[in-house]
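Here are the chains, one letter per residue:
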Amino acid sequence: MRIGILGTGNMADALGAHWVRAGHEVTVGGRDGEKAARLAARIGAAGHGGLRAAARAADAVLLALPHEAGEAVVAGLRDELAGKALVDCSNPVGAGFRLLTEGGPAAAGRLAAAAPDARVVKAFNLCHEDVWRMTPPVFEGQPLAVPLCGDDERALDVVRELVRDVGCAPMTAGGLDRAGLLEATAALVIGLWVGEGADARAMLPPLAYASGPA
């Protein structure tokens, strides 16, 4: 698969390295050409260039930019993104672990509005970038589950493949209208992990006890 990565930061590095190892043709696109070249060399990507070139050359695109930049970038690339799976891993979380989109459309929904012919899938937003660098992210013998929200089944299938290539298990979490729930979950658990030093997993019982004791 040809994958375009928009961004040169930690998420681009962590996920891009997995996809190169899995045999995909990865192109790194950045607003800073030198940073794009350095990241491409570090992960062994097939190529690098500007944001538009990376989007144009891809079958699927990872948007790995800060939340505040994503909407404008996607709007400017709407033609290049048409018909393609666009993976949004951003978290609209601000100071005090506040959800920046509270009361309005989710970040993923805003991307879909900015590029209406793209096939947006929310994924990879719940964990720190160093978790995604693990090879693979497996805990107590169980691969990390990655919830996916999207409306296009073909795009979801593409992202399921990319999740498996990271060594994780894709988890269907509903349509794109539920992406805001994933983003709010990220704000909650980041606040617990970072702000309180609490184990967020302790909030939920195992699946066998989801409805109480048998």
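Residues numbered from 1 in each chain as written. Predicted model: local features only at pLDDT ≥ 70, side-chain atom pairs only at ≥ 80, totals over all residues. Heavy atoms only, no water.

## Focus on the overall build of the protein
Consideration 1: Tallying secondary structure elements over the protein gives nine helices and 12 strands in all.
Consideration 2: A globule of 214 residues ought to have a C-alpha radius of gyration of about 17 Å, and the protein, at 17 Å, matches this closely.
Consideration 3: Along the first, second and third principal axes, the C-alpha atoms of the protein reach 55 × 40 × 35 Å.
Consideration 4: For the protein, the proportion of its 214 residues judged to be buried stands at 44%.
Consideration 5: Considering only contacts within the protein whose residues lie at least 6 apart along the sequence, 68% involve residues at least 24 apart.
Consideration 6: As presented, the protein carries roughly 10,500 Å² of accessible surface, and 52% of it is formed by carbon and sulfur atoms.
Consideration 7: Distance between charge centroids for the protein: 3 Å, based on 20 positive and 25 negative side chains. (Helix = DSSP H or I, 4+ residues; strand = E, 2+ residues; numbered from the N terminus. Rg over C-alpha atoms; globule rule 2.2 N^0.38 Å. Buried < 20%, exposed > 50% of the residue type's maximum accessible area, 1.4 Å probe, protein only. Contact = heavy atoms within 4.5 Å. Areas by Shrake-Rupley, 256 points an atom, 1.4 Å probe, with all protein chains shown as cover. Lys, Arg positive; Asp, Glu negative; His and termini not counted. Charge placed at Lys NZ, Arg CZ, Asp CG, Glu CD.)

## Notes on the side chain of T101
Consideration 1: Secondary-structure assignment places T101 in the loop between strand 7 (98-99) and helix 6 (107-114).
Consideration 2: Every residue in contact with T101, bar those within four places of it in the chain, is listed here: H67, P92, A106, A107, R110 and E183.

## Considering helix 2 (residues 33-43)
Consideration 1: All of the buried residues along helix 2 are A36, L39, A40 and I43. For helix 2, the arc enclosing every buried residue in end-on projection is 100 degrees, short of the 170-degree limit, so these residues lie on one face. Exposed side of helix 2, more than 90 degrees from the buried face: E34, A41 and R42 are the residues found there.
Consideration 2: Capping the start of helix 2, D32 holds a side-chain oxygen 3.0 Å from the backbone nitrogen of E34, two or three residues further along.
Consideration 3: Just downstream of helix 2 lies G44, where phi reads positive at about 80 degrees. (Arc of directions from axis to C-beta. Polar contact = N/O pair within 3.5 Å; in protein donor to acceptor, adjacent residues only side chain to side chain.)

## A closer look at unusual backbone geometry
Consideration 1: Cis geometry marks the peptide bond from T135 to P136; its omega dihedral reads -5 degrees.
Consideration 2: Mapped onto the elements, P136 comes out in the loop between helix 7 (129-132) and strand 9 (138-139).

## Comments concerning the nonpolar core
Consideration 1: Judged by nonpolar contacts, the single largest core of 36 residues is most densely connected at W19, F124 and W132.
Consideration 2: At the level of secondary structure, the elements contributing two or more residues to this core comprise strand 1 (2-6), helix 1 (10-21), strand 2 (25-29), helix 2, strand 4 (60-63), strand 5 (85-88), strand 11 (145-150) and helix 8 (153-165).
Consideration 3: With seven residues, helix 1 is the single largest residue contributor to this core.
Consideration 4: When near neighbours in sequence (up to four residues on either side) are disregarded, W19 contacts I3, H24, V26, L62, F124, L162, D165 and V166.
Consideration 5: By size, the runner-up hydrophobic cluster in this structure holds 25 residues, among which are L51, A58, V73 and L176. (Core = buried A, V, L, I, M, F, W, Y, C linked by side-chain atoms within 4.5 Å.)

## Points about the packing of helix 4 (residues 67-76) against helix 6
Consideration 1: Their axes nearest at 8 Å, the elements helix 4 and helix 6 cross at an angle of 20 degrees. With respect to their mutual orientation, helix 4 and helix 6 come out roughly parallel. Both helix 4 and helix 6 take part in a crossing whose hand is right-handed. Between helix 4 and helix 6, the contacting residues are H67, G70, E71, V74 and A75 on the first element and A107, R110, L111 and A114 on the second. (Axes fitted to C-alpha atoms, helices over the stretch in contact; angles between N-to-C directions. Parallel < 35°, antiparallel > 145°, perpendicular 65-115°, else oblique. Left-handed = near helix turned anticlockwise from the far one by under 90°.)

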